[in-house]
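Given next are the chains, with one letter for each unit.
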Amino acid sequence: MKLHHRLDGPADGPLLVLGPSLGTTLDVWQPQVPALTAAWRVLRYDLPGHGDSPPAEGFTIDDLAQAVLDLVDEPYVAMGGISVGGAIAATAAVMAPERVRSLVLCCSSARFGEPGPWLGRAALVRGKGVTSLAPVLATRWFSAGYDGGWVLDMLGQVDSASYAACCEALAAFDLTPRLPEIAAPTLVVAGADDPATPIEHALTLATGIPGALLAAVPGAAHLASVERADAVTPAILRHLSHTPVPTAGTGDSRQGSAQRTSGTEGPGSADGAAGMRTRREVLGDAHVDRAIAATTDFTRDFQSFITRYAWDEIWNRPGLDRRTRSCVTLTALVAHGHLDELAMHVRAALRNGLTREEIGEVLLQSAVYCGVPAANAAFGVAQRTLAALDAEE
C-alpha cells in the first residue's frame, strides 16, 4: 500500500509522523506545522483515497500502520494522529515498539464503538458519496459557531469507496487488550465536547497505556487540534520536549523544539523525568517554573521528593485515572483546610478533565463528610480561582 506524504522541517531534526482523521487530508495538521517544524522533521500522510493517496479497499488498521512505518527509513520516530490517525499511530507502537519512541493520540480511541454504525456509514457512502456526510460531520468535528469550512472542503478530495473501506477497517478495530504493550511515552488529547470520541474513550487510552498523560481541551469537539490549536499545539510541544527520540545513525537523544535548558527540569530531573512531566501536565508550566525558580539548597531535596514520589510514584499509578485522582485530592485538601493548595488543584482538576460543575459536586460532597465550614471556605477559594481563570481567558 502506497500513501502520499509530505515532509517539512530541518533536515537534521528528529522525525515526527502525523496522521489525519477520516475524511480529511494531511493539511488538517496545518495549524501545528509552523511550531512543530521549528525543530522537528514532520512527515504528514494521506489515508488511502484521501488527498493525493491512491484509492484502496480491503485493508485493516494494521495494514495502514505497516504502510506508515514503511514510509520512513529511520529506526526511531515519534508518531501521532487525529482519530483514525491516532489509532494507526498506537497500532504502529504495538507493532514496532523498538521504533516508536513517543505518541500523541488526539481525539482517538482504542475502539471506535460497535461495528454496526460503521458498516452502515460505509454502505451510505458507497451509495451517496462522501460529501453527503458534510452536514453531520460539521456538528461532530466542531463546536456550534466554529467555522471549520476549510476542513469540511477536504471531503471533496476523498474517494467514496476508500472512505467506506476505512469505515470497515474501523468496524473491526479493537486495540483495547493490547494497550498495556505500548511502551512509548504517550500524550492523550481529548476534546471536552467531542461527540465522536467522548472523554471516556480518552480515559480508556490514558489508563490502559502505562504512564500516559491526558490533556482535556475545553471548548473543543472532535477536531480539537483545529478548533483549539492554541491549547493543543503547546501541549504537543511540551510532551515532545520531554521525550528523547534518538536520530538515525546515532546513539544520541534528540528532543523537540520546546526542550528546556539545563536545570529547568528541576531537582532530580535525571531520575524523576516522568514525575516532572506529570507535574507539568497537571499543574501547568507556569506554576512549576515558579516553584523551580524558588528552589534553594534548603528546599532542593523536598522538591526532588515530591517530583519523584507524589508526581511519579503516585500520580502515575495505573489504578486510578487522573480525573478520579483530582476528586480525591480536592476532598483531602478541603478536609485538612489546605486552601492555598486547593486553589492550585482546582486549576489542575480542570486540566485533568473535570468540568466546573463536577468540581462543585466534589465540594458539595465534602460538606457532608468534611464539614460545612470547610466546604464553605473551599467554595470561596474555588469561585475566586474560576473567576481568575475567566479573567485570564
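Residues numbered from 1 in each chain as written. Predicted model: local features only at pLDDT ≥ 70, side-chain atom pairs only at ≥ 80, totals over all residues. Heavy atoms only, no water.

1. Some remarks on the packing of aromatic side chains
1) Next: Taken as a whole and assessed by the stated rule, the structure comprises six aromatic pairs.
2) Next: Both rings, one in Phe305 and one in Tyr309, keep their centres 5.4 Å apart while their planes meet at 15°; by these two values the pair is stacked. Taken together, the residues span about one helical turn, with Phe305 and Tyr309 both in helix α13 (residues 300–314) at a distance of four residues.
3) Next: Overall, Phe305 belongs to the partly exposed group, its relative accessible area being 41%.
4) Next: Relative to Trp315, the ring of Trp311 lies with its centre 5.0 Å away and its plane at 25°, an arrangement referred to as stacked.
5) Next: Linked through ring pairs, Phe112, Trp118 and Phe173 together constitute an aromatic cluster. (Phe/Tyr/Trp six-rings, centres within 6.5 Å; stacked < 30°, edge-to-face > 60°. Helix = DSSP H or I, 4+ residues; strand = E, 2+ residues; numbered from the N terminus. Buried < 20%, exposed > 50% of the residue type's maximum accessible area, 1.4 Å probe, protein only.)

2. Considering the nonpolar core
1) Next: Ranked by internal contacts, the top residues of the largest apolar core, which has 94 residues, are Met79, Ile88, Val100, Leu103 and Tyr163.
2) Next: When sequence neighbours within four positions are dropped, the list of residues in contact with Ile88 reads Tyr45, Leu47, Ile61, Leu64, Ala65 and Val68.
3) Next: Among the nonpolar cores identified, the runner-up in size contains 15 residues, and Leu330, Leu342, Ile359 and Ala378 belong to it. (Core = buried A, V, L, I, M, F, W, Y, C linked by side-chain atoms within 4.5 Å. Contact = heavy atoms within 4.5 Å.)

3. A closer look at the packing of helix α15 (residues 339–351) against helix α17 (residues 372–392)
1) Next: Packing of α15 against α17 leaves a shortest axis separation of 9 Å and a crossing angle of 50°. Here α15 lies oblique to α17, going by the angle between them. Every pair of crossing elements has a handedness; the one defined by α15 and α17 is right-handed. From α15, Leu339, Leu342, Ala343, Val346, Arg347 and Leu350 reach across to α17, where they touch Ala377, Ala378, Val381, Ala382, Thr385, Leu386, Ala388, Leu389 and Glu392.
2) Next: A per-class count over the contact of α15 with α17 returns twelve nonpolar, one polar and two charged. (Axes fitted to C-alpha atoms, helices over the stretch in contact; angles between N-to-C directions. Parallel < 35°, antiparallel > 145°, perpendicular 65-115°, else oblique. Left-handed = near helix turned anticlockwise from the far one by under 90°. Nonpolar A, V, L, I, M, F, W, Y, C, P; charged D, E, K, R; others polar.)

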